[in-house]
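Residue-level listing of the chains:
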Amino acid sequence: MGRDFYLGGAGGVVVGGLQGYCLRSFVDTKYRIEALGDFGQPSVLMGLGGGFTALGLGLAGLLGKGPLRGETATGAATFYGITALATAIWSLLFPVKKGEQTAAAPKAAAARPPVRVVKSEAKAAPKTAEKPQVRISRVGAAETAKVAREEAQFM
């Protein structure tokens, strides 16, 4: 494990960290597999899948087995795997809700209200009423007159 291993490892850390940040900021807020709960976030899926795969390949390369034999590739895969797993665990512990505002999302988009398009059919001109129909019931007429007389007494 020489200098090339650690240079590859630095590149792996940068790529793994940027992957987690970009997925969390731009993709997790829009897409998700709801059936998986918090595991359905793209940052978690990519971090766990890519992290375990890269870490396995990097550790196999350190042992002299597997397709990665060079020190740079082995270091990049190992450190990328560790960083991708760390960002996936972070996303599991602190999930981003779908549609939530993040630091990387533009603030102007949050200031505008969402536009809702409603399809309506063309309406004909309202019909003018010929004569208003008023119906007076005789059932409560006696009580109404009694209340009016009582109100008149107190005025």
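About the criteria used
Residues numbered from 1 in each chain as written. Predicted model: local features only at pLDDT ≥ 70, side-chain atom pairs only at ≥ 80, totals over all residues. Heavy atoms only, no water. Helix = DSSP H or I, 4+ residues; strand = E, 2+ residues; numbered from the N terminus. Buried < 20%, exposed > 50% of the residue type's maximum accessible area, 1.4 Å probe, protein only. Polar contact = N/O pair within 3.5 Å; in protein donor to acceptor, adjacent residues only side chain to side chain. Patch = residues over 30% accessible without salt bridge, like charges linked within 9 Å, V, L, I, M, F, W, Y side chains within 5 Å. Areas by Shrake-Rupley, 256 points an atom, 1.4 Å probe, with all protein chains shown as cover. Salt bridge = Lys/Arg side-chain N within 4 Å of Asp/Glu carboxyl O. Expected span 1.5 Å × (residues − 1). Contact = heavy atoms within 4.5 Å. Axes fitted to C-alpha atoms, helices over the stretch in contact; angles between N-to-C directions. Parallel < 35°, antiparallel > 145°, perpendicular 65-115°, else oblique. Left-handed = near helix turned anticlockwise from the far one by under 90°. Nonpolar A, V, L, I, M, F, W, Y, C, P; charged D, E, K, R; others polar. Phe/Tyr/Trp six-rings, centres within 6.5 Å; stacked < 30°, edge-to-face > 60°. Arc of directions from axis to C-beta.

J.: Break down the environment of Tyr-80 for me, with residues and values.
T.: One can find Tyr-80 in helix α3 (residues 71-93). Accessibility expressed as a relative area gives 15% for Tyr-80, which makes it buried. Between the C-alpha atom of Tyr-80 and that of Val-14, which follows or precedes it by 66 residues, the distance is 7.8 Å. Within the local environment of Tyr-80, its side chain forms a polar contact with the side chain of Gln-19, the two groups lying 2.5 Å apart.

J.: Report on a nonpolar patch on the surface, specifying residues and quantitative values.
T.: Nonpolar side chains collect at one region of the surface, where Met-1, Tyr-6, Leu-59 and Leu-62 lie side by side and expose about 440 Å² of accessible area between them. Locating Tyr-6 in the fold gives a position in helix α1 (residues 3-27).

J.: So what's going on with α3? Which residues, and what values?
T.: In this model, α3 (23 residues) spans 33 Å end to end at C-alpha, consistent with the 33 Å of a helix rising 1.5 Å per residue. Among the residues of α3, Thr-74, Gly-75, Ala-77, Thr-78, Tyr-80, Gly-81, Thr-83, Ala-84, Leu-85, Thr-87, Ala-88 and Ser-91 are the ones counted as buried. Contact partners of the buried residues in α3: α1 and α2 (42-62).

J.: Any details on the packing of α1 against α3? Residues and values, ideally.
T.: Look at α1 against α3: their axes get within 6 Å of each other, and the N-to-C directions meet at 30°. Between α1 and α3, the interaxial angle falls into the category roughly parallel. Crossing handedness for the pair α1 and α3: right-handed. Looking at the contact of α1 with α3, its residues break down into eight nonpolar, 13 polar and three charged.

J.: Describe the packing of aromatic side chains, naming the residues involved and giving the relevant values.
T.: Between two aromatic rings, the relevant description is the distance of the centres plus the angle of the planes. Scanning all chains against the criterion turns up three aromatic pairs. On the numbers, 5.2 Å between centres and 85° between planes, the contact of Phe-5 with Tyr-6 is edge-to-face. Residue class for Phe-5 comes out buried when judged on its relative accessible area of 4%. Ring centres of Trp-90 and Phe-94 lie 4.6 Å apart, and the angle between their planes is 50°; this geometry places the pair in the tilted category.

J.: Requested: an account of α2, with residues and values cited.
T.: Between its first and last C-alpha atoms α2 spans 29 Å; for 21 residues at 1.5 Å apiece the expected length is 30 Å, and the two agree. Among the residues of α2, Pro-42, Ser-43, Val-44, Gly-47, Gly-51, Ala-54, Leu-55, Gly-58 and Gly-61 are the ones counted as buried. The buried residues of α2 occupy an angular sector of 155° when projected down its axis, which confines them to one face. If you follow the buried residues of α2, they end up packed against α1 and α3. Two residues or fewer after α2 comes Gly-64, characterised by a positive phi angle close to 90°.

J.: So what's going on with the packing of α1 against α2? Which residues, and what values?
T.: The N-to-C vectors of α1 and α2 enclose an angle of 170°; their axes lie 9 Å apart at closest approach. Of the possible angle classes, the one that applies to α1 and α2 is roughly antiparallel. In terms of crossing hand, the pair formed by α1 and α2 is right-handed. Across the interface between the two elements, Phe-5, Gln-19, Gly-20, Leu-23, Arg-24 and Val-27 from α1 touch Pro-42, Ser-43, Met-46, Gly-47 and Leu-62 from α2. Residues belonging to the contact of α1 with α2 are distributed by class as follows: six nonpolar, four polar and one charged.

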